Amino acid sequence: MTIVNSLMKPLVALALLGGGAHMAAANDHGDDMSETAPFSDWTLVIHGGAGVLERSRMTPEVDAEQRAALTAALEAGKAILSSGGKAVDAVQAAVVVMEDHPGFNAGKGAVFNAAGGIELDSAIMDGASLDAGAASGIMHTKNPILLARAIMEKSPHVMLQGPGADTFSREADLEQAEQSYFETEERRRQLERMRERDAASVFDVDVKYGTVGAAARDTHGNLAAATSTGGLTGKRYGRVGDSPILGAGTFADNRGCAVSATGSGEFYIRANVAAAICARVRFAGESVQDAADAVQQEVFDLGGRGGVIVVGPDGTPAFSFNTAGMYRGVALADGTVETGIYGGEEAGLLNQGAVTE
Ligand code: ASP
């Protein structure tokens, strides 16, 4: 199977992939894309968090378990995209799988806050319409991404937080869960370890960011992104991370790209990461990889750690992270389904991370 590097010229991609739907419009940089075949008719990229994920620290069992979960998430989105479904439905489906899996910091398996509770953040955005929904500090919705979707479709608002968001969730008939549903022993141990150290270590680079996210292009040429998280272990005072903030941890716009981020959220908020990547693609004509790497560098220079997954208007995927690893995966219309964990893995498409440490 041929892996097409995202940096290849569109004409090369055309020759290798052949056929496919054509982009209808020029982008804002003035490139006429009407004669350019997409990189892939549909594309799905996912992440399950970035951090100190080193081969030497990972047991074969955990490696296999996490890859299986990533593959299941890819398959859930692929089932929708390969049958002509919508990008926004595919990113939601992929995120639900990872929320339900205790190995990620979202839904079941989310991290504990400083008070020993669990507060969840989520966002979803449709790049075709710029419709979006986001929730923060929610405590009882089993699948927070479904709450973001309901806010997008059933409320006049874009973002709800705290008890109000939980009330809306009940009124929207979403499945509710006790806090105990989200709890896992591993996450409780992480909180204990953090308490033993120092509260100020909330940005310790040893932290594994287990947020989950997805970005996709569908066969209609529409983009979407979704992100779901428990935030940071030991977070305080109603802290809100980047994940539910549109333009920071989550963003989708057909004219630029779709992005989901993971990492030290405060830095991702300050660097306006997801919107900045898409603006570079939209207005400066940068490739999704170059744009992602440039903004990741800005985050790194500020002191932030983490990564992003990106899909461009033609379905080109990009991964960029400044941590040792990032749980990630890609599925393409040509049948490609790949997962990765560590930096510098041999698999072509997943090997595009900017590892700077
Ligand atoms: N970015 C998330 C936050 O700061 C954490 C993560 O990626 O795991 O809330």
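Residues numbered from 1 in each chain as written. Predicted model: local features only at pLDDT ≥ 70, side-chain atom pairs only at ≥ 80, totals over all residues. Heavy atoms only, no water.

Below, the discussion takes up the sheet that holds strand β1 (residues 43–51). As summarised here, the arrangement of the eight strands in space is β4-β3-β2-β6-β5-β1-β11-β12, forming an open sheet in which the pairing is mixed. Two strands bound the open sheet, and with one partner strand each, they are β4 (159–161) and β12 (337–342). Strand-to-strand twist of the sheet, defined as the mean angle between neighbouring strand axes without regard to direction, takes the value 10°. Looking at chain direction, strand β3 (residues 132–138) and β4 are connected through three bridges and run parallel. (Pairing = 2+ DSSP bridges. Helix = DSSP H or I, 4+ residues; strand = E, 2+ residues; numbered from the N terminus. Axes fitted to C-alpha atoms, helices over the stretch in contact; angles between N-to-C directions.)

Moving on to the environment of T43. In this fold, T43 is placed in strand β1. When the C-alpha positions of T43 and G315 are compared, they lie 5.4 Å apart, and in sequence the two are 272 residues distant. Apart from the residues lying within four places of it in its own chain, the contact partners of T43 are L81, A215, A216, R217, V311, G315, P317, A331 and L332. From its side chain, T43 meets the backbone oxygen of G315 in a polar contact 2.6 Å long. (Contact = heavy atoms within 4.5 Å. Polar contact = N/O pair within 3.5 Å; in protein donor to acceptor, adjacent residues only side chain to side chain.)

Quick look at the packing of aromatic side chains now. Within the structure shown, the criterion is met by two aromatic pairs. Ring geometry for F104 and Y327: centres 5.8 Å apart, planes at 90°, overall edge-to-face. Placement of the pair is F104 in the loop between α3 (87–100) and β2 (120–126) and Y327 in strand β11 (residues 325–332), with a sequence separation of 223 residues. We classify Y327 as buried; its relative accessible area is 8%. Taken together, a centroid distance of 5.2 Å and an interplanar angle of 75° make the contact between Y181 and F182 edge-to-face. Its relative accessible area of 22% is what places Y181 among the partly exposed residues. Of the residues examined, F182 reaches a relative accessible area of 0% and is grouped as buried. Directly above the ring of Y181 sits K108, whose terminal nitrogen or CZ lies 5.0 Å from the centroid. (Phe/Tyr/Trp six-rings, centres within 6.5 Å; stacked < 30°, edge-to-face > 60°. Buried < 20%, exposed > 50% of the residue type's maximum accessible area, 1.4 Å probe, protein only. Lys NZ or Arg CZ within 6 Å of the ring centre and 35° of its normal.)

So, about empty space enclosed by the protein. Taken as a whole and assessed by the stated rule, the structure comprises one cavity of 30 Å³ or more. A volume near 80 Å³ is recorded for the largest cavity. T211, T229, G231, D242 and G263 are, among the 15 residues lining the largest cavity, the residues nearest its centre. For the lining of the largest cavity, the element with the highest residue contribution is strand β8 (residues 257–263), accounting for three residues. Taken together, the residues that form the lining of the largest cavity break down as three nonpolar, 10 polar and two charged. (1 Å grid on protein atoms, 1.4 Å probe; cavity = no way out; pocket = protein on both sides within 12 Å on 5 of 7 lines; lining within 4 Å. Points joined across faces, edges and corners; volume = space filled by probe spheres on them. Nonpolar A, V, L, I, M, F, W, Y, C, P; charged D, E, K, R; others polar.)

Attention now goes to the state of the cysteines. Tallying each qualifying case throughout the model produces one disulfide. Between C257 and C278 runs a disulfide, and the two sulfur atoms are separated by 2.1 Å. The S-S bond linking C257 to C278 shows a torsion near -100°; that makes this disulfide left-handed. Pair noted here: C257 is in strand β8 and C278 is in helix α9 (residues 273–284), with a separation of 21 residues, a long-range link. The burial state of C257 is the same as that of C278; both residues are buried. (Disulfide = S-S within 2.5 Å.)

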